[in-house]
Amino acid sequence: RAQSVKAELRRREGAVRAPRWVDSEFQGSAARYGSDGKSGKMDKYQEWKHFAEEFPGAAITKADFSSDDLVQGTLGDCWLIAAMAVVAQRPELMARVFPVRESPKGIWPVDICFNKEWTTMWVDDRFPMWKPGLS
């Protein structure tokens with residue numbers, strides 16, 4: 001399975017003409033993540049940016065994961081952070097969930113188990129960031 005995921009990653013990277021891939025199916029708006037969906041209060045505070053552009057030279061993945069590496073922000077994603085903390089404590093699960101260590105175009109395969117079946121989701125490397133000038 002790992003080889004087929006890596007082959008698909010190479011195929012997807014070859015099709016990307018821009019420096020970084022953007023997942024067109026993901027609508028990362030604060031109205032859906034971290035606000036009540038009515039006031040849009042988070043929209044004025046955050047924007048989605050590519051990790052590599054915001055933190056040049058830093059890595060999303062590394063060999064020595066730790067649950068201490070995870071920090072919950074304002075997205076209301078405590079359930080996801082908690083699940084990732086459990087996975088981060090088990091290297092064999094990290095290797096299963098995140099089958100590649102680098103992606104020059106920002107295309108990340110993430111394997112998840114849903115209804116007892118493993119499936120690969122393809123996500124970009126955008127994260128919510130505070131807009132400049134706000135604290």
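Since we're looking at a predicted model, the values are computed, not measured. (Residues numbered from 1 in each chain as written. Predicted model: local features only at pLDDT ≥ 70, side-chain atom pairs only at ≥ 80, totals over all residues. Heavy atoms only, no water.)

Peer 1: Describe the pattern of salt bridges, and please don't skip the residues or the numbers.
Peer 2: Side chains that differ in sign of charge can pair as their charged atoms come close. Under the counting rule described, the total for this entry stands at seven salt bridges. We note a salt bridge from Lys49 to Glu54, for which the minimum N-O separation is 3.5 Å. You can call Glu54 partly exposed: its relative accessible area is 33%. We note a salt bridge from Arg126 to Asp124, for which the minimum N-O separation is 2.7 Å. Judged by relative accessible area, which is 10%, Asp124 ranks as buried. Sharing partners across several salt bridges, the network here consists of Glu8, Arg11 and Arg12. (Salt bridge = Lys/Arg side-chain N within 4 Å of Asp/Glu carboxyl O. Buried < 20%, exposed > 50% of the residue type's maximum accessible area, 1.4 Å probe, protein only.)

Peer 1: Now, about unusual backbone geometry: what can you tell me, with residues and values included?
Peer 2: Here Asn115, not a glycine, exhibits a phi torsion of approximately 55°, which is positive. On the basis of relative accessibility, which here comes to 63%, the residue Asn115 falls in the exposed class. Positive phi outside glycine occurs at Lys116, with the angle close to 70°. A residue is classified by how much of its surface remains accessible, and Lys116, at 81% relative accessible area, is exposed.

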